[in-house]
Amino acid sequence: MTHKIAIIGLGYVGLPLAAEFAKKYDVIGLDIYQERINELNRAEDRTLELNKQQVQEALDNGIKFTTNTEEIKTCTTYIVTVPTPIDKHKKPDLTPLIKASETIAKVLKKDDIVIYESTVFPGATEERCVPILEKLSGLKFNEEFFCGYSPERINPGDKEHTVTNILKVTSGSTPQVGKEVDTLYKSIITAGTHLAPSIKVAEAAKVIENTQRDLNIAFVNELSIIFNKLGIDTNAVLEAAGTKWNFLKFKPGLVGGHCIGVDPYYLTHKAEEIGYNPEIILAGRRLNDNMGIYVANQVIKLMIKKGQKIEGAKVLVLGITFKENCPDIRNSRVIDVIHELKDFECQVDICDPWADKDEVKLEYNLSLLSDEALEIKTYSAIILAVAHSKFKELDIKNKNSSNQVVYDIKSILETYDGRL
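Given the structure is predicted, the values throughout are model-derived calculations rather than measurements.

Quick word on the overall build of the protein chain
- A count of helical and extended segments in the protein chain gives 13 helices and 12 strands.
- The C-alpha radius of gyration of the protein chain comes to 23 Å, within 12% of the 22 Å expected for a compact globule of 420 residues.
- Taking the principal axes of its C-alpha atoms as reference, the protein chain extends roughly 75 × 50 × 40 Å.
- For the protein chain, the proportion of its 420 residues judged to be buried stands at 54%.
- The contacts in the protein chain between residues at least 6 apart in sequence include a share of 72% that link residues at least 24 apart.
- In the structure as shown, the protein chain presents an accessible area of about 19,600 Å², 51% of it carried by carbon and sulfur atoms.
- Side chains of the protein chain carry 52 positive and 60 negative charges; the gap between the two charge centres is 2 Å.

As for the layout of surface pockets
- As a volume, the second largest pocket reaches approximately 1,000 Å³.
- What lines the second largest pocket is a set of 39 residues, and nearest its centre among them are N155, R213, I217, I260 and K323.
- Here the element with the most residues in the lining of the second largest pocket is helix α7 (residues 199-230); it accounts for five residues.
- A class-by-class count of the residues in the lining of the second largest pocket yields 18 nonpolar, 11 polar and 10 charged.

Topic: the pattern of salt bridges
- Considering all chains together, one arrives at 27 salt bridges under this definition.
- One salt bridge in this structure joins K109 and D112, with 2.9 Å as the shortest N-O distance.
- We classify K109 as partly exposed; its relative accessible area is 30%.
- Notably, a salt bridge pairs E209 with R153, separated by 2.6 Å at the nearest N-O pair. Of this pair, E209 sits in helix α7 while R153 is found in the loop between β6 (145-149) and β7 (168-170), placing the two residues 56 residues apart along the sequence.
- One network of salt bridges, with partners in common, ties together E35, R36, E39, D45, R46 and E359.

A few points about the packing of aromatic side chains
- One pass over the structure, following the stated rule, counts four aromatic pairs.
- Counting every residue linked through ring pairs, the aromatic cluster contains F21, Y25 and Y185.
- The cationic tip of K168 hangs over the ring face of Y185; the distance from NZ or CZ to the ring centre is 4.6 Å.
- The aromatic ring of Y379 is capped on one face by K314, whose charged end is 4.7 Å from the ring centroid.

Thoughts on the environment of R36
- Inspection of the secondary structure puts R36 in helix α2 (residues 34-41).
- The spacing of R36 and G11 is 25 residues in sequence and 8.9 Å in space, taken between C-alpha atoms.
- Setting aside residues up to four positions removed in sequence, R36 forms contacts with L10, G11, L15, D31, E44, D45, R46 and T47.
- At 2.7 Å, the side chain of R36 forms a polar contact with the backbone oxygen of L10.

Some words on empty space enclosed by the protein
- Applying the stated criterion to the full structure yields one cavity of 30 Å³ or more.
- Within this model, the largest cavity holds a volume of roughly 70 Å³.
- Lining the largest cavity are V13, L17, E117, E152, R153, I154, V163, I166 and K168.
- Per-class residue counts for the lining of the largest cavity are five nonpolar, no polar and four charged.

Some thoughts on the environment of K91
- Tracing the backbone shows K91 in the loop between β4 (77-80) and α4 (95-105).
- For the pair K91 and E144, spaced 53 residues apart in sequence, the C-alpha to C-alpha distance is 33 Å.
- Not counting chain neighbours up to four residues away, the residues in contact with K91 comprise P85, I86, H269 and E272.

Brief notes about helix α13 (residues 357-364)
- Capping the start of α13, D356 holds a side-chain oxygen 2.9 Å from the backbone nitrogen of D358, two or three residues further along.
- Immediately beyond the C-terminal end of α13, within one or two residues, lies N365, with a positive phi of roughly 55 degrees.

A look at the sheet that holds β4
- Strand order across the open sheet formed by six strands is β3-β2-β1-β4-β5-β6, with parallel pairing between neighbours. For this open sheet the edge positions go to β3 (64-66) and β6, each flanked by a neighbour on one side alone. Direction aside, neighbouring strands of the sheet carry axes that sit 20 degrees apart on average.
- Pairing of β4 with strand β5 (residues 112-116) involves four bridges; the strand directions are parallel. Note that in β5 the partner of V80 across the bridge is Y116.

Looking at the environment of V237
- Topologically, V237 is positioned in helix α8 (residues 234-241).
- In the structure, V237 is positioned 14 residues away from L223 in sequence and 9.6 Å away in space, judged by C-alpha atoms.

Some points on the pairing of strand β2 (residues 26-30)
- Burial analysis of β2 places four of its five residues in the buried class, which makes it a mostly covered element.
- Taken together, the five bridges between strand β1 (residues 4-8) and β2 define a ladder with parallel strand orientation. By the bridge assignment, K4 is partnered in β2 with D26.
- Inspection of the sheet shows β2 paired to β3 by three bridges, in the parallel sense. By the bridge assignment, I28 is partnered in β3 with K64.

Things to note about the side chain of N216
- Its location among the elements puts N216 in helix α7.
- Here Q212 takes part through its backbone oxygen, which lies 3.0 Å from a polar atom of the side chain of N216.
- Excluding residues that lie within four positions of it along the chain, N216 makes contacts with L248 and F250.

Procedures and definitions
Residues numbered from 1 in each chain as written. Predicted model: local features only at pLDDT ≥ 70, side-chain atom pairs only at ≥ 80, totals over all residues. Heavy atoms only, no water. Helix = DSSP H or I, 4+ residues; strand = E, 2+ residues; numbered from the N terminus. Rg over C-alpha atoms; globule rule 2.2 N^0.38 Å. Buried < 20%, exposed > 50% of the residue type's maximum accessible area, 1.4 Å probe, protein only. Contact = heavy atoms within 4.5 Å. Areas by Shrake-Rupley, 256 points an atom, 1.4 Å probe, with all protein chains shown as cover. Lys, Arg positive; Asp, Glu negative; His and termini not counted. Charge placed at Lys NZ, Arg CZ, Asp CG, Glu CD. 1 Å grid on protein atoms, 1.4 Å probe; cavity = no way out; pocket = protein on both sides within 12 Å on 5 of 7 lines; lining within 4 Å. Points joined across faces, edges and corners; volume = space filled by probe spheres on them. Nonpolar A, V, L, I, M, F, W, Y, C, P; charged D, E, K, R; others polar. Salt bridge = Lys/Arg side-chain N within 4 Å of Asp/Glu carboxyl O. Phe/Tyr/Trp six-rings, centres within 6.5 Å; stacked < 30°, edge-to-face > 60°. Lys NZ or Arg CZ within 6 Å of the ring centre and 35° of its normal. Polar contact = N/O pair within 3.5 Å; in protein donor to acceptor, adjacent residues only side chain to side chain. Pairing = 2+ DSSP bridges. Axes fitted to C-alpha atoms, helices over the stretch in contact; angles between N-to-C directions.

What follows is the structure, encoded as structure tokens:
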């Protein structure tokens, strides 16, 4: 089969994938935001997953970026890479996935293949997306059009584990289509592929990858709470335990982002839908979701011990992205720390050289300080929330004030008053 590929959604996942496919195939990238299309046509990527040279190379290879659905009518393979968030009730929000399916259904033709990469619960592709494709296209699934599922494994900000050198799980709605989908990805993925026996297996494999990480982090987060009460350094304990060959090396911290902090809720939603109450997974989620509040309360206790007045105290939070050296602010749990501190009526300033100030304002209604405006010694407390490389250059260790609190969530400082 000759593939002309449409990538639906040009974010952290879709753009790098589109750029790689463009090296070998005709590719059209579709996104609903005209501003995003404009910046890509200028060879600019605000996610910083690709540099200017890489985006320009994709343009030189003939990739077309557009918001116009009509322009993907001639494509034969549609790959969906839209977000799958949760709503305020922590239930799966499939709106982007449904909208993408509706868009594709309008142009779907006989023998076309629709491949989903967005993280979902097992069964979502065939139970939620396929009926939309069938209804709006008038075509019959597995007779006139086909589907595949190949979960994304992009790690935002990671320049080592990029799309081509992460092994890719693939699947198809029939054995033949599975092989077709696998061959397609194998043509660009140097790390190789793993063909799963069904779409549901591939969906389940993806959702448990991050659920497993979430539970392991919840475990060490709980250990950090226990060891803090015992007056023991958690990191020293983990370092000692890590000398055993089969000890899993996880560190405590805030668990946010669009994957680890979200994906477990997709699995638990499906489990509850079939009548099973997933106790361990939800317990891990509750613990991790409360870590921001725990951190803020620890900081307040340290401030009180040093005789500081809490109401009106100036607190500096360093970092608001969900991980280090990455501009992604989606589902950042640093916001929980900030909200809790504000509940104590602290005056909170935030600095993050990686985050876009307009996005932060839009998403969280918060303003960012520039790092040039920082006066470290004027704050009653400093919270190192995200381990950006630039923060390691700040003179936080040599505190000017003896009663200033330094709380190091990410454990990168040698001198601190508290940390997880």
